[in-house]
Amino acid sequence: IDDDIILRPGYVETILWHYQDPAVGGVGGRISHGIVGEDRPVEEGVGRLLTDTRLVGNFTVDTETAIEVDHLLGATMTYRRAALSAIGGIRDIYPGTCIREDSDTALRVREAGWRLIYEPRALSDHQPAPYAKGRRFDGRYSYYIQRNHLVLMTSVYGLGSPQFRAALGRAFGRQVAAPFSALADSRATDTRGRLRRGAGALWHTGAALAGALAGVIASL
């Protein structure tokens, strides 16, 4: 668990119950941010890896019953020791914000043939403190999410895999339109506001493109 997570009563017992099934390699719980409506079902599901390699989280959603997923939330996840041993443990190949390190572990456990379970009744509360440096979604985040995501696809599926190609196309393709979308954003009604949003989007686009290039180099 993360250091800003508080487990609610019954968490451990609820998680452990699933390990009676020898095919289960990992179990993750649900997290609460204290936001009204965050537990409602969503169309895109929970814990999925989409064909375009987007990772769907939604680990605040109450699915009412446990479901099988593609990956787990790093802030509240558990693994069977044999599953971690089988994949060689957690790999420290994700620098910067360390984003995708948890996804790497989950996807490799699943690729090794184990089942991953999301258990909404194993609930914990997230109580984050202010960042000592930077912000949650600053330029560093834009850089490392692109770099590390490409490394993730290479690490789990291989450099020549359809997953890597899809991630590569998405990493470079979606960035081109971002500044123009920000300029046309209807939420910024005045010209100054749109220019400010456009400049911010341009900065994040540059960081993301640099991250994507770094991700390709790291993958090679």
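Here the structure is a predicted model, which means the values were calculated and not measured. (Residues numbered from 1 in each chain as written. Predicted model: local features only at pLDDT ≥ 70, side-chain atom pairs only at ≥ 80, totals over all residues. Heavy atoms only, no water.)

S.K.: I'd like a description of the overall build of the protein chain, backed by residues and values.
M.R.: The number of helices and strands found in the protein chain is 7 helices and 7 strands. Ordered by position in the sequence, the α and β elements of the protein chain form the string β-α-β-β-β-β-β-α-α-β-α-α-α-α. A buried classification covers 43% of the 220 residues belonging to the protein chain. Considering only contacts within the protein chain whose residues lie at least 6 apart along the sequence, 71% involve residues at least 24 apart. Roughly 12,100 Å² of accessible area belongs to the protein chain as shown, and the carbon and sulfur atoms make up 56% of that amount. (Helix = DSSP H or I, 4+ residues; strand = E, 2+ residues; numbered from the N terminus. Buried < 20%, exposed > 50% of the residue type's maximum accessible area, 1.4 Å probe, protein only. Contact = heavy atoms within 4.5 Å. Areas by Shrake-Rupley, 256 points an atom, 1.4 Å probe, with all protein chains shown as cover.)

S.K.: For the packing of aromatic side chains, give the residues involved together with the corresponding values.
M.R.: Under the definition given, this model contains 2 aromatic pairs. Between the aromatic rings of Y143 and Y144, the centroid separation amounts to 4.8 Å while the plane-to-plane angle is 85°, which identifies the pairing as edge-to-face. (Phe/Tyr/Trp six-rings, centres within 6.5 Å; stacked < 30°, edge-to-face > 60°.)

S.K.: Which residues make up the packing of helix α3 (residues 101–111) against helix α4 (residues 139–157), and what values do they have?
M.R.: Any two packed helices are characterised by the angle at which their axes cross and by the distance between the axes. Put simply, α3 and α4 touch, their axes get as near as 10 Å, and they point 25° apart. The angle between the axes of α3 and α4 places the two elements in the roughly parallel class. Of the two elements, α3 crosses α4, and the hand of that crossing is right-handed. Within the contact between the two elements, α3 uses S103, D104, L107, R108 and E111 and α4 uses L152, S155, V156 and Y157. (Axes fitted to C-alpha atoms, helices over the stretch in contact; angles between N-to-C directions. Parallel < 35°, antiparallel > 145°, perpendicular 65-115°, else oblique. Left-handed = near helix turned anticlockwise from the far one by under 90°.)

S.K.: I'd like a description of α4, backed by residues and values.
M.R.: Between the first and last C-alpha of α4 there are 27 Å, a value that for 19 residues agrees with the 27 Å anticipated at 1.5 Å per step. Of all 19 residues that make up α4, 14 are buried, and the element is covered over most of its length. G158, located one to two residues past α4, shows a positive phi value of around 110°. (Expected span 1.5 Å × (residues − 1).)

S.K.: Go over the environment of R80, please, and point to the residues and values.
M.R.: Looking at the element boundaries, R80 is found in the loop between β6 (77–79) and α2 (81–86). Sequence spacing of R80 and V109 is 29 residues, and the spatial spacing of their C-alpha atoms is 9.7 Å. When residues no more than four places from it in sequence are discounted, the contact partners of R80 are Y19, D21, P22, V24, G25 and W114.

S.K.: Any details on the nonpolar core? Residues and values, ideally.
M.R.: Within the largest apolar cluster, 17 residues are counted, with the highest numbers of intra-cluster contacts made by L72, Y79, V109 and L116. Counting only elements with at least two residues in this core, the list comes to β6, α3 and β7 (115–126). Excluding residues within four positions of it along the chain, V109 makes contact with G25, Y79, A83, I87, W114 and L116. Residues L152, A167, A171 and A212 belong to the second largest nonpolar core, which totals 13 residues. (Core = buried A, V, L, I, M, F, W, Y, C linked by side-chain atoms within 4.5 Å.)

S.K.: Explain the pairing of β7 to me, and be specific about the residues and the numbers.
M.R.: In terms of residue burial, β7 counts as a mostly covered element, since 9 of its 12 residues are buried. Sheet analysis places strand β1 (residues 5–7) next to β7, joined by 3 bridges and oriented antiparallel. Note on β7: the bridge partner recorded for I5 is H126. Where strand β2 (residues 24–32) meets β7, 8 bridges bridge the pair, whose relative direction is parallel. Bridge pairing links I31 to S124 in β7. (Pairing = 2+ DSSP bridges.)

S.K.: Please give an account of the pattern of salt bridges that cites residues and values.
M.R.: Throughout the structure, instances matching the rule amount to 11 salt bridges. Where R8 meets D125, a salt bridge forms, and the shortest distance between an N and an O atom there is 2.8 Å. Taken together, the residues R8 in the loop between β1 and α1 (11–17) and D125 in strand β7 connect sequence positions 117 residues apart. Overall, D125 belongs to the buried group, its relative accessible area being 18%. Close ionic contact of D62 with R30 constitutes a salt bridge, the shortest N to O distance being 4.0 Å. Of the two residues, D62 is situated in the loop between β4 (55–56) and β5 (67–68) and R30 in strand β2; the sequence distance between them amounts to 32 residues. Owing to a relative accessible area of 26%, D62 belongs among the partly exposed residues under this scheme. Taking relative accessible area as the criterion, R30 reaches 12% and is therefore assigned buried. (Salt bridge = Lys/Arg side-chain N within 4 Å of Asp/Glu carboxyl O.)

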